[in-house]
Amino acid sequence: MIALLDCNNFYVSCERLFNPKLVGKPVVVLSNNDGCIISRSDEAKNIGIKMGEPLFKIKDKLTNNKVVVCSSNYSVYGDISNRIMNILKNNFDKVEIYSIDEAFFSLDKLNNKEEECVDLANKILKWTGIPVSIGIAKTKTLAKITNRVIKKKNIYSKLDFHSSNVLEIRRKEDLEYVLKTTDVEDVWGVGKKLSIFLKDNNVKNAFNLKECNESFIRKKKGVILERTVLELRGVLCNQIEDVLPDKKSICVSRSFGRKLRYYDSLRSALIVYVQKAASKMRMSNLFCRTITIFLKTSRYESNLYKNSKTYTLIEPTIDLRLIWKVSDKLLKEIYKESFIYSKVGVILSDFCKKESIQMSLIDEKLNNDISKKNGVKIMKLIDIINNRFGYGKIKLSSDCDKNFFSKEKNSNEEISWQMKSEYRSPCYTTSWDDIPKVKVKNE
Amino acid sequence: MKKIKLVSAAAGFPSPAENYVEEQLDLNKYLIKNKESSFFVRVSGDSMINVGIFDNDILIVDRSLTPVRQSIILASIDGELVIKKIIKDKLKNYYLKSENNNYPNIKLNSNTDTMIWGVVTYVLHSLK
């Protein structure tokens, strides 16, 4: 048996943990750059606020209903997520972290599955303050559907819930009822595009999909969807992947808070992303051979332009200085004046571990003033210092934008490329200056 | 420029202490018994001086612990995070003691707007 743990309204629950005033009120959390709604409290759902709605479209609705709006605060969400996943890993052997707020885990060899899951959910709520739901089923696809049922308890009141946040649908007729009331678009791995094809073929809900001829599905849409059909029947196809596959590439890119026109501002954004990407790569102890830089205008702009360029090194590197040198050169090559840009980014790929590096006989042209020998050592030293004194204490000298790493919200024009996050809460768990203030007196 | 050594290589005689080297004391391990459920908060106000909590001190709060009589706890009262002490009366009712005489003690379980957030385990107080 497989269980899926899913945090309820995760980002909103995190905001509420440190700001109990938000409990019981409609709350929404916005995506990067304060663009769209990405997390809603139950109260906000009841008002009719939809997932993914753009902020500017529903501003009036939010004000009229006194909805509390928060910018996303990933340092808090990441920290709380780690705590939850650690509790899960300490209690169960086979765990696959699926996203920031979801994890699959195996319940094989357990006698009282439901009880163990209830205990786990209670422990997570007490220790971290985050409410979670756990769906138990034969396959990942069915566990996903079960979790959906827990969240829509009021519609499925005829099912017998033993607890409010853990469910295994045992009776055949109950499962059939659930599948018949699940739109095929809401089945894990189906999505909008596939659902159009399926609905054209009269496959409207999960039950229809389960009854499909699997070889027809395979012929038309491939093996992935065939697996979904089988999993709906209770045939295990997707195993729990508790060993993370090696990373294939690392991409760091963000839309700007305000559109940028000039090369210098693009460059000062890119250098921050390159340093982030290189430090992520070092955390996995990888060396990269290929560096790609991309650049684009907003798709709503009248003058459209996008371009990317890739450089492949002769020998894999871990050295930030070399990676930046290449990135800087690539940006110069693809940058064109007279466009208004909304995004720039870097992709590092073609990774290998230190042991499997093939030494080249000729020296890289770009590499000749960067001493190769000390690269690894210097990078290690940078990480040690930044770990102790805070990220960004040591950085490339070309990165002259001193404001980026300060935690203060800044409205300065010069750093306008930074993300918009007007309603961000403090970094409660990752910055000493931001830890929650508590009173000793209430008056 | 001076070179910074990352790994110190042994030269000359090996240290006689080598076989006795143990891990250095780690304050994190001492102060935090449960990493997943522990949080830091900063105190504002000085009406808990009598229990050793001063203005601007940092407290370690463990959510996994169950409070008992005399526990110092962090509670959420009407949406605000407040430090309180738990007391018990003769009828064995538990209260959150108010440090302000103008306010009554808050009976536990009587008010849904009062919730225990966690138990305070240590006070970090600077003498500077």
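Structure's up top.
Residues numbered from 1 in each chain as written. Chains lettered and ligands numbered in written order. Predicted model: local features only at pLDDT ≥ 70, side-chain atom pairs only at ≥ 80, totals over all residues. Heavy atoms only, no water.

J.: I keep staring at the overall build of chain B and nothing clicks. Help me out?
T.: Helices and strands together make up the secondary structure of chain B, namely one helix and seven strands. Ordering the α and β elements of chain B from the N terminus gives α-β-β-β-β-β-β-β. Burial statistics for chain B: of 128 residues in total, 38% are counted as buried. Taking as baseline every contact in chain B between residues at least 6 positions apart, the subset at least 24 positions apart corresponds to 46%. (Helix = DSSP H or I, 4+ residues; strand = E, 2+ residues; numbered from the N terminus. Buried < 20%, exposed > 50% of the residue type's maximum accessible area, 1.4 Å probe, protein only. Contact = heavy atoms within 4.5 Å.)

J.: Explain the pattern of salt bridges here, please?
T.: Two side chains with opposite charge may pair up if their charged atoms get near one another. All names here are of chain A. Tallying each qualifying case throughout the model produces 23 salt bridges over all chains. Two residues, Arg-83 and Asp-79, come together in a salt bridge whose shortest N-O distance is 2.8 Å. In this pair, Arg-83 and Asp-79 both sit in helix H4 (residues 74-91), four residues apart, roughly one turn of the helix. When the shortest N-O distance is used, the salt bridge between Arg-218 and Glu-226 registers 3.2 Å. Assessed through its relative accessible area of 46%, Arg-218 is described here as partly exposed. Exposure remark for Glu-226: the relative accessible area of 12% places this residue in the buried category. Sharing partners across several salt bridges, the network here consists of Glu-114, Glu-168 and Arg-170. (Salt bridge = Lys/Arg side-chain N within 4 Å of Asp/Glu carboxyl O.)

J.: Please clarify how the sheet that holds strand S8 (residues 166-168) of chain A should be interpreted in this entry.
T.: Think of a sheet as strands paired side by side through backbone hydrogen bonds, with each pair either parallel or antiparallel. All names here are of chain A. Pairing within the open sheet is mixed, and its five strands lie in the order S5-S6-S1-S7-S8. The open sheet has two edge strands with one neighbour each: strand S5 (95-99) and S8. This sheet shows a mean twist of 20° between the axes of neighbouring strands, independent of strand direction. The pairing of strand S1 (residues 2-7) with strand S7 (residues 132-137) spans six bridges and is classified as antiparallel. Across the sheet, Asp-6 pairs through a bridge with Ser-133, a residue of S7. Together, S1, S5 and strand S6 (102-106) form the strand contacts of H4, whose direction differs from that of S5 by roughly 160°. (Pairing = 2+ DSSP bridges. Axes fitted to C-alpha atoms, helices over the stretch in contact; angles between N-to-C directions.)

J.: Please explain the interface of chain A and chain B as it appears in this structure.
T.: Note on interface size: it is often stated as the accessible area lost on association of the parts. Each side of the interface is counted separately: chain A has 29 residues, and chain B has 36 residues. Inspection of the region where chain A meets chain B yields one salt bridge. In this structure, Lys439(A) engages Glu80(B) in a salt bridge whose closest nitrogen and oxygen atoms are separated by 2.7 Å. The interface formed by chain A and chain B holds 19 residue pairs in polar contact (both at pLDDT 80 or more) in total. Sorting the residues of the side of chain A that touches chain B by element identifies helix H1 (10-18), H4, helix H5 (113-128), helix H14 (375-389) and strand S13 (437-439) of chain A as the ones contributing at least two each. Looking at side-chain class alone, the side of chain A that touches chain B contains 14 nonpolar, six polar and nine charged residues. Inspection of the sheet shows S13(A) paired to strand S1 (residues 38-44) of chain B by three bridges, in the parallel sense. For Lys439(A), the partnering residue across the bridge sits in S1(B) and is Ser44(B). (Polar contact = N/O pair within 3.5 Å; in protein donor to acceptor, adjacent residues only side chain to side chain. Nonpolar A, V, L, I, M, F, W, Y, C, P; charged D, E, K, R; others polar.)

J.: Is there a simple way to think about the environment of Cys36(A) in this case?
T.: Residues and elements named next belong to chain A. Its location among the elements puts Cys-36 in the loop between strand S2 (27-30) and strand S3 (37-40). A residue is classified by how much of its surface remains accessible, and Cys-36, at 27% relative accessible area, is partly exposed. Between the C-alpha atoms of Cys-36 and Gly-52, which are 16 residues apart in sequence, the distance is 5.3 Å. Those residues in contact with Cys-36, other than ones at most four positions away along the chain, are Val-29, Leu-30, Ser-31, Gly-52, Glu-53, Pro-54 and Leu-55.

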